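Here is what each chain is made of, one letter per residue.
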Amino acid sequence: DAMVIQNPRYQVTQFGKPVTLSCSQTLNHNVMYWYQQKSSQAPKLLFHYYDKDFNNEADTPDNFQSRRPNTSFCFLDIRSPGLGDAAMYLCATSRALGGRNQPQHFGDGTRLSIL
Amino acid sequence: GNSVTQMEGPVTLSEEAFLTINCTYTATGYPSLFWYVQYPGEGLQLLLKATKADDKGSNKGFEATYRKETTSFHLEKGSVQVSDSAVYFCALSPSGSARQLTFGSGTQLTVLP
């Protein structure tokens, strides 16, 4: 089945130690998103790629970076994780057609813990 | 700016009860409206959508009608099951070229046998 796959499902890192989360998709969607979701809250958009164009949300900390080497893969890099970055990170994809967005498809998320 | 206001949870129902989760929105133009469901430990799944006024989205017994006059998109199900226990998010995507989803705060639903 076509899908959005996030690896790993659970990630533990140390305070200040860089960590990378990965997302891949078989849907061939041109837009990929990264969200942060803290407990009992709605997902918060960090940034998204429209094809190769990177779009950062105004309030996303500089600590968060992203790479999209090709259509299928997108990475979230946290350069120096703090305790407040412990959360579920969700990747999503969609197809943008002529300005009208199609629904976003989500992966199962990576739960990040900071020691 | 755009915003989505959802009914506060948690909501606890008995199996086979009727469900309504209220959702209202603020947006310019004609946004698309969505309901997403999140089961424990999983990502969000699209439950249903509506892209224009008076559209009714439906899936798995759930329904929601896009009401432009009341800026609402309430989720309903006639008879809930234990397996419907999850968090439900109402969301909108603005018209035009914007790609962001604006989510409501989510409503936790627990269905008891």
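Scope of this entry: the structure provided in the associated data block. (Residues numbered from 1 in each chain as written. Chains lettered and ligands numbered in written order. Predicted model: local features only at pLDDT ≥ 70, side-chain atom pairs only at ≥ 80, totals over all residues. Heavy atoms only, no water.)

Here we come to the interface of chain B and chain A. Taken residue by residue, the interface counts 26 residues in chain B and 25 residues in chain A. Taken over both partners, the interface formed by chain B and chain A buries close to 1,800 Å², and the fraction arising from carbon and sulfur atoms is 51%. At the junction of chain B with chain A, the criterion picks out zero salt bridges. At the boundary of chain B and chain A, one finds four residue pairs in polar contact (both at pLDDT 80 or more). For the side of chain B that touches chain A, the secondary-structure elements that each account for two or more residues are strand E5 (32-38), strand E6 (44-50) and strand E10 (86-93) of chain B. Among the elements that make up the side of chain B that touches chain A, the one with the highest residue count is E5 of chain B (four residues). Class assignment of the residues belonging to the side of chain B that touches chain A gives a composition of eleven nonpolar, twelve polar and three charged. (Contact = heavy atoms within 4.5 Å. Buried area = accessible area lost by both parts, 1.4 Å probe. Salt bridge = Lys/Arg side-chain N within 4 Å of Asp/Glu carboxyl O. Polar contact = N/O pair within 3.5 Å; in protein donor to acceptor, adjacent residues only side chain to side chain. Helix = DSSP H or I, 4+ residues; strand = E, 2+ residues; numbered from the N terminus. Nonpolar A, V, L, I, M, F, W, Y, C, P; charged D, E, K, R; others polar.)

Applying the stated criterion to the full structure yields 14 aromatic pairs over all chains. On the basis of an interplanar angle of 80° and a centroid distance of 5.9 Å, the ring pair of Tyr35 of chain A and Phe103 of chain B is categorised as edge-to-face. Placement of Tyr35 of chain A in strand E4 (residues 31-37) and of Phe103 of chain B in strand E11 (residues 102-103) is noted, with the two residues assigned to different chains. By relative accessible area, Tyr35 of chain A is classed as buried at 0%. Its relative accessible area of 11% is what places Phe103 of chain B among the buried residues. Geometrically, the ring pair formed by Phe106 of chain A and Tyr36 of chain B is edge-to-face, given 5.4 Å between the ring centres and 80° between the ring planes. With Phe106 of chain A in strand E12 (residues 105-106) and Tyr36 of chain B in strand E5, this residue pair bridges two chains. Phe106 of chain A gets classed as buried once you look at its relative accessible area, which sits at 11%. Among the aromatic side chains, those forming a connected cluster through ring pairs are Tyr33, Tyr35 and Phe106 of chain A together with Phe34, Tyr36, Phe89 and Phe103 of chain B. Sitting over the ring of Tyr30 of chain B, Lys68 of chain B keeps its end group 4.2 Å from the ring centre. (Phe/Tyr/Trp six-rings, centres within 6.5 Å; stacked < 30°, edge-to-face > 60°. Buried < 20%, exposed > 50% of the residue type's maximum accessible area, 1.4 Å probe, protein only. Lys NZ or Arg CZ within 6 Å of the ring centre and 35° of its normal.)

What follows covers the state of the cysteines. Tallied over the entire structure, the rule returns two disulfides over all chains. Covalently, Cys23 of chain A is tied to Cys91 of chain A through a disulfide, its sulfur atoms 2.0 Å apart. Here Cys23 of chain A and Cys91 of chain A share a disulfide; its torsion about the S-S bond, -75°, makes the bridge left-handed. Remark: Cys91 of chain A occurs in strand E9 (residues 87-94) and Cys23 of chain A occurs in strand E3 (residues 19-25); sequence separation between them is 68 residues. Each sulfur of the disulfide joining Cys23 of chain B and Cys90 of chain B lies 2.0 Å from the other. Judged by the sign of its S-S torsion, about -70°, the cystine formed by Cys23 of chain B and Cys90 of chain B is left-handed. A residue pair is termed long-range when its members are at least 10 positions apart, and Cys23 of chain B in strand E4 (residues 23-26) and Cys90 of chain B in strand E10 qualify at 67 residues. You'll find Cys23 of chain B and Cys90 of chain B in the same group, each marked buried. Of all cysteine sulfurs, the one in Cys91 of chain A lies closest to Cys74 of chain A, which takes part in no disulfide; the gap is 6.0 Å. (Disulfide = S-S within 2.5 Å.)

Moving on: the nonpolar core. Side chains that are nonpolar tend, in soluble globular proteins, to be buried together. If you look at the biggest cluster of nonpolar residues, it comprises 26 residues, and the most contacted ones within it are Trp35, Leu47, Leu48, Phe73, Leu75 and Tyr88 of chain B. Elements represented by at least two residues in this core include exactly strand E2 (11-14), strand E3 (19-21), E4, E5, E6, strand E8 (62-65), E10 and strand E12 (107-112) of chain B. Discounting chain neighbours no more than four positions away, the residues touching Tyr88 of chain B are Gln6, Ile21, Trp35, Tyr36, Val37, Leu47, Phe62, Leu75, Gly106, Thr107 and Leu109 of chain B. Leu27, Phe47, Tyr49 and Phe64 of chain A belong to the second largest nonpolar core, which has 19 residues in total. (Core = buried A, V, L, I, M, F, W, Y, C linked by side-chain atoms within 4.5 Å.)

Turning our eyes to something else, we now look at the layout of surface pockets. Size it by volume and the largest pocket reaches roughly 480 Å³. If you trace the largest pocket, you find 24 residues lining it, with Ser40 and Gln41 of chain A together with Gln38, Val87 and Gln108 of chain B closest to the centre. Among the elements of the structure, E10 and E12 of chain B are those that each provide at least two residues to the lining of the largest pocket. Element by element, the count of residues in the lining of the largest pocket is highest for E10 of chain B, at three residues. Residue classes in the lining of the largest pocket are distributed as eight nonpolar, twelve polar and four charged. Of the volumes computed, that of the second largest pocket is approximately 360 Å³. Residue assignment for the lining of the second largest pocket shows that the elements contributing at least two residues are strand E1 (4-7) and E12 of chain A together with E6 of chain B. Split by residue class, the lining of the second largest pocket holds nine nonpolar, six polar and three charged. (1 Å grid on protein atoms, 1.4 Å probe; cavity = no way out; pocket = protein on both sides within 12 Å on 5 of 7 lines; lining within 4 Å. Points joined across faces, edges and corners; volume = space filled by probe spheres on them.)

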